[in-house]
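Chain by chain, the residues:
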Protein chains: 2
Amino acid sequence: MTKILLSEEHIPRQWYNIIPDMPAPLAPAINPRTLKPATPEDMLGIFPMALIEQEVSTRRWINIPDEVRDIYRLWRPSPMYRARRLEAALGTPASIYYKYEGVSPAGSHKPNSAIPQAWYNREAGIRRLATETGAGQWGSSLALACSMFGLECTIYMVKVSCAQKPYRRSMMQLWGATVIPSPSGLTNSGRSILANDPDSPGSLGIAISEAVEDAASHPDTNYALGSVLNHVCLHQTVIGLEAREQMKIAGEYPDVVIACCGGGSNFAGLVFPFLADRASGRDIRCLAVEPTSCPTLTKGVYAFDYGDTAMVAPITMMYTLGHDFVPPGIHAGGLRYHGESPLVSQLYNQGVIEARAYGQNSCFEAALLFARSEGIVPAPESSHAVRAAIDEALLAKEEGKKKTILFGLSGHGQLDMAAYDAYLSGGLEDYDYPSEKVREALERLPKVQL
Amino acid sequence: MTKILLSEEHIPRQWYNIIPDMPAPLAPAINPRTLKPATPEDMLGIFPMALIEQEVSTRRWINIPDEVRDIYRLWRPSPMYRARRLEAALGTPASIYYKYEGVSPAGSHKPNSAIPQAWYNREAGIRRLATETGAGQWGSSLALACSMFGLECTIYMVKVSCAQKPYRRSMMQLWGATVIPSPSGLTNSGRSILANDPDSPGSLGIAISEAVEDAASHPDTNYALGSVLNHVCLHQTVIGLEAREQMKIAGEYPDVVIACCGGGSNFAGLVFPFLADRASGRDIRCLAVEPTSCPTLTKGVYAFDYGDTAMVAPITMMYTLGHDFVPPGIHAGGLRYHGESPLVSQLYNQGVIEARAYGQNSCFEAALLFARSEGIVPAPESSHAVRAAIDEALLAKEEGKKKTILFGLSGHGQLDMAAYDAYLSGGLEDYDYPSEKVREALERLPKVQL
């Protein structure tokens, strides 16, 4: 069997909330103005109560609303594949499986959270959502979600991605959204960045500042975040819950589960449901893969830091490269974030999961081998997971060991042809960890005392 | 049920060959040099014997090789959807189903024939395939197929499409193919076009001439055509064979089956298996949809004509606008062909199927409504079928009639954002049938006497 499909009845009815199963209690989110723990009231200016409750809930299972499952049915359950042709190309004794989220209308895993976020906001009487987007995957997903529920949508898009991925912008507009290159002159945060650096390529951190400010200053508008937060990781667990069922059908259990990791929601979505199996004695390695140009887990510090550059978003305990660190403009725009999901961060800090960083050339090399054997063109972000899966398979070959590898192919790269063009013509830079810039940035962490 | 999935065992084991079920015997293909019926030997310079046999076979069922089914499994069976949200948006009593071929790695139905063509050629010891491509769908599909079987691939891409769809070109290169803008200076056909019109935007007819000439002049190289020919229509019947199973699961039978129609293979693929049911007394309407700028069925003549502009490809009996008619550069590049599959042509001539033409603005309008209700962004070609399906559904509403509509969504439009951009900014031209140019072109039809 090459493709493992599930029927619609197998779309999960509940999301898996990992909070009650974490190794230690989570540190509270901190209000950036008071530097004290944030209250639900602090959050109500930008989030609906239902999502604030999910953010801190200790219930292990949370019901998925029928209206959300109804939209999920447009592409879920997503397929799982056995990568037999890649295995043959590598000559590995390992069996390689991948869970493919590129079948969603936006081409990635992001709609899994965009749809419920739009729905909960509409239920709360909100008329418009503001958000940021890097590679454009999250922005197009929220545009899609808003068009499904009749909400307006304003998207602050990282300026360098706007230039690299013009067709992502068009896609958001096609679904009815307004797209604003960030930093923009429309917000205080944007204006202050432009005053210092008129040519700023932008970053997720800056775009978040602008979107949060927009939402906070308009009562009919809320903010939606595409990663990092607990409720976003929660929504993404549909990926891993389905994948667990599909591995059962395949009759194997993964020795290692691999996913690329930017803000962490893709990684959390695939991995958390498998971590739940550890309670029943299952041993499983989970590997987060990030770019060397933005090595949050592998080279960052575990500390309280702002979620955004302008210090208006909540402070959380997480791995960070410093809130004003601006990563180089690599093509995997979705992995250019200075911080990391607090949940993923604690799991890494406690040694529950592993992390590894790769340069973009070795990721594109892996993506090309994958495209020429399995057919599907991976998104640059997903190519990080492809690289790690191939390396795990080659290690199994070297060691002469049977091994079961599962990785997340979080999106397709059909809108990233400019990146492949640059790679094929030898024009991609590999960025090392810019340690001095980060050391400086880390000196500007907030002084939180609990 | 929104999505109707089939498991891998339901990938058809045989293609359906409509030739024995045609209303009348097919006219023979004619050798363009002798103006006499072409012999298999005439064809051997550019096609392998297995495909020549399929071209004229009168067996109703033809086995699909295991190696081809093995690659089909990467995306087949393709999903069928009930378009419940589109139905609600239209307020129609009709039920609307669509069979979605955009899940293939190339994003359209084209790999259904590219894969077997590459395989039969490799079995025949061929080292390289040459082909033409318009919108780039066929070219990228053949590039994919060649990469799967280790063949080299040279693609003559219509110059205007090269400019409109640069990312399609990149995708072909990603899968290892060489892409040449057509008309090129590399062939006699290309040079003679450029001598008359150095700024020629190119056309499928011209690109076919170049690819055929390339194949005919290199013994290790064959030619592969993405539509029109009987064996291409044959391979595409996997679409309709699966769709018939899926309609059974849905518990409905279509009153009308709709597909866009350029060279005819997409239309043939979805429709032919349903036409087979007419033998058992089923009544079914089949509607071919084409652009007003290239209205081959609705405004062309039924006559012997060349398949290409330079008169090197075989002559067939078909609907045609004249082999040197160059359609305007509309965004649905895959529908810009002067001729039509001889099989589809005879069915239309005999009144078995219907045809209808639309301008591109009304097709994009329909595509936008579809994207905002069903999520998926249609390819410009497929938007012609969306338009017709919506009109059939609105007619059912006007008449207060229950009706079951099935249409083919032959590909996604994620690489066609430039076209959507142009539509959203009001910049698309609608072309009328340029009757004088065609009348002139029809005076240059070949004088075939059997």
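First, a word on what this report is: a plain description of the structure on this page. (Residues numbered from 1 in each chain as written. Chains lettered and ligands numbered in written order. Predicted model: local features only at pLDDT ≥ 70, side-chain atom pairs only at ≥ 80, totals over all residues. Heavy atoms only, no water.)

What to know about the interface of chain A and chain B
At step 1: If you look at the interface, chain A gives 46 residues, while chain B gives 46 residues.
At step 2: When chain A packs against chain B, close to 4,000 Å² is buried across both sides, 55% of that on carbon and sulfur atoms.
At step 3: Among the residues of chain A in contact with chain B, Y167, L174 and Q414 of chain A are the three that bury the most area, contributing 19% of the side total.
At step 4: Taken together, the links from chain A to chain B amount to 30 residue pairs in polar contact (both at pLDDT 80 or more). (Contact = heavy atoms within 4.5 Å. Buried area = accessible area lost by both parts, 1.4 Å probe. Polar contact = N/O pair within 3.5 Å; in protein donor to acceptor, adjacent residues only side chain to side chain.)

Side note on the pattern of salt bridges
At step 1: One pass over the full model with this rule turns up 42 salt bridges over all chains.
At step 2: As a salt-bridge pair, E242 of chain A and K99 of chain A come within 2.8 Å of each other at their nearest N and O atoms. With E242 of chain A in helix α12 (residues 238-250) and K99 of chain A in strand β5 (residues 95-100), the pair connects residues that are 143 residues apart, well separated along the chain.
At step 3: A relative accessible area of 0% places E242 of chain A in the buried class.
At step 4: Salt-bridge contacts for E123 of chain B lead to R122 of chain B; the nearest nitrogen and oxygen are separated by 3.7 Å. (Salt bridge = Lys/Arg side-chain N within 4 Å of Asp/Glu carboxyl O. Helix = DSSP H or I, 4+ residues; strand = E, 2+ residues; numbered from the N terminus. Buried < 20%, exposed > 50% of the residue type's maximum accessible area, 1.4 Å probe, protein only.)

Comments concerning the packing of aromatic side chains
At step 1: One pass over the full model with this rule turns up 29 aromatic pairs over all chains.
At step 2: Between Y98 of chain A and F407 of chain A, the aromatic rings sit 5.6 Å apart at their centres with planes inclined by 25°, giving stacked as the arrangement. Of this pair, Y98 of chain A sits in strand β5 while F407 of chain A sits in strand β15 (residues 404-409), and the two are 309 residues apart along the sequence. Each member of the pair Y98 of chain A and F407 of chain A is classed as buried.
At step 3: Considering the side-chain rings of Y98 of chain B and F370 of chain B, the 5.0 Å spacing of their centres and the 75° angle between planes classify their relative orientation as edge-to-face. With a gap of 272 residues between them, Y98 of chain B in strand β5 (residues 95-100) and F370 of chain B in helix α16 (residues 360-374) connect regions that are remote in the sequence. Here Y98 of chain B and F370 of chain B have matching classes, each one buried. (Phe/Tyr/Trp six-rings, centres within 6.5 Å; stacked < 30°, edge-to-face > 60°.)

Description of the nonpolar core
At step 1: Ranked by internal contacts, the top residues of the largest apolar core, which has 106 residues, are W15, Y72 and W175 of chain A together with W15, Y72 and W175 of chain B.
At step 2: Setting aside anything within four residues of it in sequence, one finds W175 of chain A in contact with P105, A106, S140, A143, L144 and S147 of chain A together with A371, R372, G375 and V377 of chain B. (Core = buried A, V, L, I, M, F, W, Y, C linked by side-chain atoms within 4.5 Å.)

With respect to the relation of the copies chain A and chain B
At step 1: Superposition record for chain A on chain B: RMSD 0.0 Å, screw rotation 180°, translation along axis 0.0 Å. As the rotation angle and translation indicate, the two copies are arranged about a two-fold axis.
At step 2: Both copies contact each other with a shared surface, as 100% of the interface residues of chain A are interface residues in chain B too. (Least-squares fit on C-alpha atoms with pLDDT ≥ 70 in both.)

Things to note about unusual backbone geometry
At step 1: Between R76 of chain B and P77 of chain B the backbone carries a cis peptide bond, its omega angle lying at -10°.
At step 2: Considering the arrangement of structural elements, one finds P77 of chain B in the loop between α3 (66-72) and β4 (80-82).
At step 3: In the segment running from S182 of chain B into P183 of chain B, the intervening peptide bond is cis, with an omega of 10°.
At step 4: Mapped onto the elements of the fold, P183 of chain B is located in the loop between β8 (178-182) and α9 (188-196).
At step 5: Unusually for a residue other than glycine, V228 of chain A sits at a positive phi of about 70°.
At step 6: With respect to the helices, strands and loops of the structure, V228 of chain A is situated in the loop between β9 (221-223) and α11 (230-236).
At step 7: Its relative accessible area of 8% is what places V228 of chain A among the buried residues.
At step 8: At M311 of chain A, a position not held by glycine, the phi torsion is positive, near 60°.
At step 9: On the secondary structure map, M311 of chain A appears in the loop between β12 (301-306) and β13 (315-320).

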